[in-house]
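# Residue-level structural notes
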Amino acid sequence: MAEHSPRNEEKLVEELQAELAKLNVSDLLLQTLYTVSSLGYHRLSGEAKDLEQARLAIESLKALVPVLEGSVPPDALRDFQQVLANLQLAYASAVAEQGAD
């Protein structure tokens with residue numbers, strides 16, 4: 001079992017700080033958009049179906065996508081705008097399906 005000496009902890013903190021220094025907020029937001037959109041789609045079907053969570057994913061994407069304008073490549077922004085539109089259509093379909101039950 002590894003020891004948790006102050007020196008080991010100090011080295012870990014230094015490594016984490018070095019990694020944080022390399023990270024851009026725009027990169028983190030792109031990863032967040034990807035994760036949120038994946039969760040949103042996942043919440044629209046099967047046993048994991050939760051329309052409120054899907055709606056929350058949609059609203060989050062609607063809020064974050066415009067923030068990235070000018071900070072990420074235009075094709076990445078366009079891709080997430082398309083993902084948002086597709087997720088909204090899938091949500092509308094799931095709501096309609098639920099109403100028909």
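Everything discussed here concerns the structure shown above.
What comes next concerns the included structure. (Residues numbered from 1 in each chain as written. Predicted model: local features only at pLDDT ≥ 70, side-chain atom pairs only at ≥ 80, totals over all residues. Heavy atoms only, no water.)

## Describing a nonpolar patch on the surface
The line we're drawing: Residues with no salt bridge and a relative accessible area higher than 30% make up the patches, which join like charges within 9 Å and nonpolar side chains (Val, Leu, Ile, Met, Phe, Trp, Tyr) within 5 Å. Reported accessibility uses the Shrake-Rupley method at a 1.4 Å probe radius. Residues are deemed covered only where the shown protein chains occlude them. The working definition used for a salt bridge is a side-chain nitrogen of Lys or Arg within 4 Å of a carboxyl oxygen of Asp or Glu. Buried residues are those whose accessible area, probed at 1.4 Å on protein chains only, stays under 20% of the maximum for their type, while exposed residues exceed 50% and partly exposed ones sit between those limits.
A grouping of Leu 20, Leu 23 and Leu 28 is seen on the molecular surface, where their side chains present a nonpolar patch of about 300 Å² in accessible area. Overall, Leu 20 belongs to the exposed group, its relative accessible area being 58%.

## Thoughts on the nonpolar core
Convention followed: Buried residues of nine kinds, namely Ala, Val, Leu, Ile, Met, Phe, Trp, Tyr and Cys, make up a nonpolar core once their side-chain atoms join them within 4.5 Å. In DSSP terms, a helix is any run of H or I states spanning at least four residues, a strand is any run of E spanning at least two, and both are numbered starting from the N terminus. Working rule for contacts: check all heavy atoms of both residues, and any pair within 4.5 Å makes them a contact.
Counting residues in hydrophobic clusters, the biggest one holds 17 residues, and the most contacted among them are Leu 33, Leu 44, Leu 61, Val 65, Leu 68, Leu 77 and Leu 87. When residues of this core are traced back to their parent elements, those giving at least two are helix H2 (25–42), helix H3 (51–67) and helix H4 (74–100). Considering each element in turn, this core owes the most residues, 6 residues, to H3. Setting aside residues no more than four positions away along its own chain, Val 65 makes contact with Leu 33, Leu 77, Phe 80 and Gln 81.

## Some thoughts on the environment of Ala 90
Locating Ala 90 in the fold gives a position in helix H4. Residue class for Ala 90 comes out partly exposed when judged on its relative accessible area of 28%. Those residues within four positions of Ala 90 in sequence are excluded, and the remaining contacts are Tyr 41 and Leu 44.

## With respect to the packing of H2 against H4
Here is the rule: All axes here are fitted lines through C-alpha atoms, helices being fitted over the stretch that makes contact, and every angle between N-to-C directions spans 0 to 180 degrees. Working rule for angles: under 35 degrees goes down as roughly parallel, over 145 as roughly antiparallel, 65 to 115 as roughly perpendicular, anything else as oblique. Crossings are classed by handedness, with left-handed meaning an anticlockwise turn of the near helix from the far one by less than a right angle and right-handed meaning a clockwise turn. Asp, Glu, Lys and Arg are counted as charged, while Ala, Val, Leu, Ile, Met, Phe, Trp, Tyr, Cys and Pro are counted as nonpolar; the rest, among them Gly, fall into the polar class.
Where H2 meets H4, the closest approach of the two axes is 11 Å, and the angle between their N-to-C directions is 20 degrees. Classified by the angle between their axes, H2 and H4 sit roughly parallel to one another. Seen along the crossing, H2 lies across H4 with a hand that is left-handed. Contact residues: H2 offers Leu 30, Leu 33, Tyr 34, Ser 37, Gly 40 and Tyr 41, while H4 offers Ala 76, Phe 80, Val 83, Asn 86, Leu 87 and Ala 90. Partitioned by chemical class, the residues of the contact of H2 with H4 number 9 nonpolar, 3 polar and no charged.

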